[in-house]
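A structural walkthrough
These are the residues of each chain, in order.
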Amino acid sequence: MLKKLVAVFLSTALLALAMTGCGGSSSKGNLVGVAMPTQSLQRWNQDGANMKAALEEKGYAVDLQYANNDVNTQIQQLENMITKGCKVLVIASIDGSAISDVLAKAEKNKVQVIAYDRLIMQSPNVSYYATFDNFKVGVIQGQYIEEKLGLKEGKGPYNLEVFAGSPDDNNATFFYNGAMSILKPYIDSGKLVVPSGQMDFTTVAIQGWDSAKAQSRMDTLVTANYAKGQKLDVVLSPNDSLAIGIVASLKNAGYGSGDKPYPIITGQDCDKPNVIAMISDQQSMSIFKDTRTLASKVVEMVDALLQGKEAPVNDTKTYDNGVKVVPSFLCDPVYADKTNYKEILIDSGYYAEADLK
Ligand code: BGC
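Residues numbered from 1 in each chain as written. Predicted model: local features only at pLDDT ≥ 70, side-chain atom pairs only at ≥ 80, totals over all residues. Heavy atoms only, no water.

What to know about the domain arrangement of the protein chain
To keep things clear, this is the line we draw: What fixes the domain bounds is an automatic or database domain assignment. The contact criterion used throughout is that any non-hydrogen atoms of two residues lie within 4.5 Å. Buried area is a sum: the accessible area each of two parts loses on coming together, probed at 1.4 Å, counted once for each and added. We count a salt bridge whenever a side-chain nitrogen from Lys or Arg sits within 4 Å of a carboxyl oxygen from Asp or Glu. Note that Gly is not counted as nonpolar here; it falls among the polar residues with everything else outside the nonpolar set of Ala, Val, Leu, Ile, Met, Phe, Trp, Tyr, Cys and Pro and the charged set of Asp, Glu, Lys and Arg.
Here the protein chain is described as being made up of domain 1 (14–126 + 290–331) and domain 2 (134–289). Relative to domain 2, the C-alpha centre of domain 1 lies at a distance of 32 Å. With 15 residues of domain 1 at the contact, the number on the domain 2 side is 17 residues. Ranking the residues of domain 1 by area buried against domain 2 places Gln42, Asp290 and Tyr319 at the top, with a combined share of 36%. The tally of links between domain 1 and domain 2 comes to three salt bridges. The residue Asp269 makes a salt bridge to Arg43 at a minimum N-O spacing of 4.0 Å. Looking at the side of domain 1 that touches domain 2, its residues break down into five nonpolar, five polar and five charged.

Examining the sheet that holds strand 11 (residues 328–331)
How we decide: What makes two strands pair is DSSP finding at least two bridges between them. Secondary structure counts use DSSP, requiring at least four H or I residues in a row for a helix and at least two E residues in a row for a strand, with both numbered from the N terminus. Every axis corresponds to a line fitted to the C-alpha atoms, with the helix fit spanning only the stretch in contact, and the corresponding angles, defined between N-to-C directions, vary from 0 to 180 degrees.
Reading across the sheet, the six strands line up as 2-1-3-4-5-11 and stay open at both edges, with parallel pairing between neighbours. Looking at which strands have only one partner, the edges of the open sheet turn out to be strand 2 (61–66) and strand 11. Between one strand axis and the next, the sheet turns through 15 degrees on average, direction left out of account. When strand 1 (residues 31–36) meets strand 3 (residues 88–91), the two strands line up parallel, connected through four bridges. Directly across from Val32, in strand 3, lies its bridge partner Val88. Taken strand by strand, helix 11 (residues 291–306) contacts strand 1, strand 3, strand 4 (112–116), strand 5 (128–132) and strand 11, and its axis lies near 165 degrees from that of strand 4.

Here we look at the nonpolar core
Nonpolar side chains in soluble globular proteins tend to end up buried together. Note the threshold: Note on terminology: a nonpolar core comprises buried Ala, Val, Leu, Ile, Met, Phe, Trp, Tyr and Cys residues joined through side-chain atoms within 4.5 Å. Throughout this description, buried means an accessible area under 20% of the type-specific maximum (1.4 Å probe, protein chains only), exposed means over 50%, and partly exposed covers the range between.
With 46 residues, the main nonpolar core has Phe163, Leu192, Met218, Ile246 and Leu250 as its most contacted residues. With eight residues, helix 6 (residues 170–189) is the single largest residue contributor to this core. When near neighbours in sequence (up to four residues on either side) are disregarded, Leu192 contacts Leu149, Leu151, Tyr158, Leu160, Leu183, Tyr186, Ile187 and Val234.

Re the environment of Gln42
Let me state the cut-off plainly: As used in this structure description, the phrase polar contact means that two N or O atoms lie within 3.5 Å; if the pair is within protein, one of them must be able to donate a hydrogen and the other to accept it, and residues adjacent in sequence are counted only when both atoms belong to side chains.
Position of Gln42 relative to the elements: it lies in helix 2 (residues 42–57). With 230 residues separating them in the primary sequence, Gln42 and Lys272 have C-alpha atoms 7.7 Å apart. Setting aside chain neighbours within four positions, we find Gln42 in contact with Asp271, Lys272, Pro273 and Tyr351. A distance of 2.5 Å separates a polar side-chain atom of Gln42 from the backbone nitrogen of Lys272.

What follows is the structure, encoded as structure tokens:
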């Protein structure tokens, strides 16, 4: 009888332990909030899943939320994370300048904050920033264009159109400036010509990184500048969501057929549809940012913050958020195209061959 009672007691206790998650890993002290912008782009799903897995492996409990690219939804989610007792918030912001108030609340509740991929602006309450070298992303895109067109060898002139990312995302300016650091000298020397004349960041930026908006801007450019047989040689697209819209527009305008091949089109993220587009010669390249590397860096930062230690950083100068320079770790981006995607994306285990069919 006693044995039976003890057994019942033990199993009840175990069940209670499992339900409250008091084995250590999901206790309140170990709760980490991960706020991602949207599920509509593949990369953020990958980021969220990697972060969750990497944190859980280290024994943390994770509250992972996606905000449908809506700033108020993200603010609400951050409020909830603070209320639930998260000790650290990992945030990929939608509008980098719009979350100062909720971060002040985090600070009051001793909740620490890591900016994930995108810098959080205008707030003192950001301990660290982990990202890929955003300027370098643009430089690699610019160099790809430089090499494919033979610009260094003096070839040209070629017709170029320029796109940039969302103006509320601090990264967008870095991508643009990086690419322009390579392309601008050729524009100045006349080896690259921009028939639309649209080049400055504000004019070419696409709000919300929206594919449909990129498509409609490309439609307008084609009608205004390329309708009479002028050749479009290259489109600088900062990322894959814009590239999707640009390719769709050009396809409607008859590109991709024998005598009208697609221009060189750049991208970033190596989202599956874009890699498929690369394989079928619609998009030329995409920057690969291995989200597994970023996730493991951020987990190191979380660990350091919760142990009161300093996290490893490799940049303490570049990322000024308007209030402070946020100590950063910059991971290294590379590019993938039709010639090397197998090595970069499949051999590394990022995708299976079947993902790209
Ligand atoms: C990220 C890019 C992404 C873009 C749109 C940027 O902040 O760095 O990888 O393509 O947002 O989501």
